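Summary of the model geometry
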Amino acid sequence: MKLVIKPVDNQYSNDIVDLILNIQQNEFNVAITIEDQPDLLNITNFYHAGGGNFWGCFINDELVGTIALIKFESNTGAIRKMFVKKEFRGKEFSIAQKLLETLIEYCQQNKIDDLYLGTVSILEAALRFYEKNNFVRIEKGELPKTFPLMAPDNVFCHLNLKK
């Protein structure tokens, strides 16, 4: 089994859309469509152009996980699109952990000191994962004014990366 995490761009859009929509709609019944997420069809402009990034995790060349970073202020970013295929979740593969570590390393190399994220309360395992990684829950009103809000999000977290 060969596990590779690498930056991805528009050439992977179809695989990314398939992975994410399947998890959102079929697994968690989140009422969200591709029309609600135009960023997935233009990864290069939406994520890379502003100083963020989008990573894919591949096992034997199959996309099994994603994580993205939107840089929305000079030293502040938002985590987006953290998804791992159901059969590849958990400690056996540690894909979510490896994806998050890749994103944090990128932030440290690019002087991004504050990381925020929004998610939905139904994703309890995801929230526990973030809290285990030192993210702290915050109120919506504590988010930076320029935070890129997604309509379904109702739980927010912050991680200070300043050492």
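What you see is a predicted model, and the numbers here were worked out from it, not measured in a lab. By convention here, each chain's residues receive numbers from 1 onward along its written sequence. Two thresholds apply to this predicted model, a pLDDT of at least 70 for residue-level local features and 80 or more for giving and counting side-chain atom pairs, whereas whole-chain, interface and lining totals are computed over all residues. Computation of side-chain values covers all heavy atoms of the structure but excludes hydrogens and water.

Here we take up the overall build of the protein chain. Looking only at helices and strands, one finds four helices and seven strands in the protein chain. Its C-alpha radius of gyration of 15 Å places the protein chain within 12% of the 15 Å reference for a compact globule of 163 residues. Counting only C-alpha atoms and orienting by the principal axes, one finds that the protein chain spans roughly 40 × 35 × 30 Å. Categorising residues by exposure relies on relative accessible area from a 1.4 Å probe, with only protein chains included: less than 20% of the type maximum marks a residue as buried, more than 50% marks it as exposed, and the intermediate range marks it as partly exposed. The burial tally for the protein chain puts 49% of its 163 residues in the buried class. Here the contacts in the protein chain between residues at least 6 apart in sequence split such that 65% fall between residues at least 24 apart. Runs of H or I in DSSP of at least four residues are treated as helices and runs of E of at least two as strands, each being numbered from the N terminus. Put simply, the radius of gyration uses C-alpha atoms, and a globule should come to 2.2 Å times the residue count raised to 0.38. We call two residues contacting when some pair of their heavy atoms lies within 4.5 Å.

What follows is about unusual backbone geometry. One non-glycine residue, Lys81, lies in positive phi territory at about 55°. Position of Lys81 among the secondary structure elements: in strand β4 (residues 76–84). Of note, the phi angle at Lys111 is positive, near 55°, even though the residue is not glycine. The exposed category is assigned to Lys111, whose relative accessible area is 64%.

Further remarks concern the side chain of Thr66. You can see Thr66 is positioned in strand β3 (residues 62–73). Overall, Thr66 belongs to the buried group, its relative accessible area being 0%. At 2.7 Å, the side chain of Thr66 forms a polar contact with the backbone oxygen of Lys81. In this view, Thr66 contacts Ile16, Leu19, Ile20, Phe54, Trp55, Lys81, Met82, Phe83 and Leu99; residues no more than four positions away in its chain are not counted. Two N or O atoms count as a polar contact when they lie within 3.5 Å, although within protein this holds only if one can serve as hydrogen donor and the other as acceptor, and sequence-adjacent residues are included solely when both atoms are side-chain atoms.

We now examine the pairing of strand β7 (residues 155–160). Counting buried positions along β7 yields five of six residues, so the element is predominantly enclosed. Two strands pair under a simple rule: DSSP has to find at least two bridges between them. When strand β5 (residues 114–119) meets β7, the two strands line up antiparallel, connected through six bridges. Across the sheet, residue Leu115 finds its bridge partner in β7, namely Leu159. In this sheet, β7 lies alongside strand β6 (residues 136–138) in antiparallel orientation, the contact comprising three bridges. Across the sheet, Arg137 pairs through a bridge with Cys157, a residue of β7.

Let's shift gears to the nonpolar core. Residues Ile79, Ile95, Leu115 and Phe135 are the most contacted members of the largest nonpolar core, which totals 29 residues. Those elements that place two or more of their residues in this core are β2 (53–59), β3, β4, α3 (95–109), β5, α4 (124–132) and β7. A per-element tally of this core places α3 first, with seven residues. With sequence-adjacent residues up to four places away left out, Leu115 is seen in contact with Leu69, Gly77, Ala78, Ile79, Leu103, Ile104, Cys107, Phe135, Cys157, His158, Leu159 and Leu161. Formed by 25 residues, the second largest nonpolar core is a distinct cluster that contains Ile70, Ala78, Phe83 and Tyr116. Joining through side-chain atoms within 4.5 Å is the link that ties buried Ala, Val, Leu, Ile, Met, Phe, Trp, Tyr and Cys residues into a set, and such a set is a nonpolar core.

In this analysis a 1.4 Å probe is tested at points of a 1 Å grid over the protein atoms alone, and where it fits but cannot get out there is a cavity; an open set with protein on both sides within 12 Å along at least five of seven lines is a pocket; lining residues have an atom within 4 Å of a point. Grid points are joined across faces, edges and corners, and a volume is the space filled by probe spheres set on the points. The space that makes up the largest pocket amounts to roughly 990 Å³. Along the walls of the largest pocket sit 39 residues, with Met82, Phe83, Leu123, Ala126 and Tyr130 positioned nearest its centre. Broken down by secondary-structure element, the contributors of at least two residues to the lining of the largest pocket are α1 (13–27), β4, α3, β5 and α4. Throughout this entry, Asp, Glu, Lys and Arg are counted as charged residues, while Ala, Val, Leu, Ile, Met, Phe, Trp, Tyr, Cys and Pro are counted as nonpolar. The remaining residues, Gly among them, count as polar. Its residues assigned to classes, the lining of the largest pocket comprises 23 nonpolar, eight polar and eight charged.

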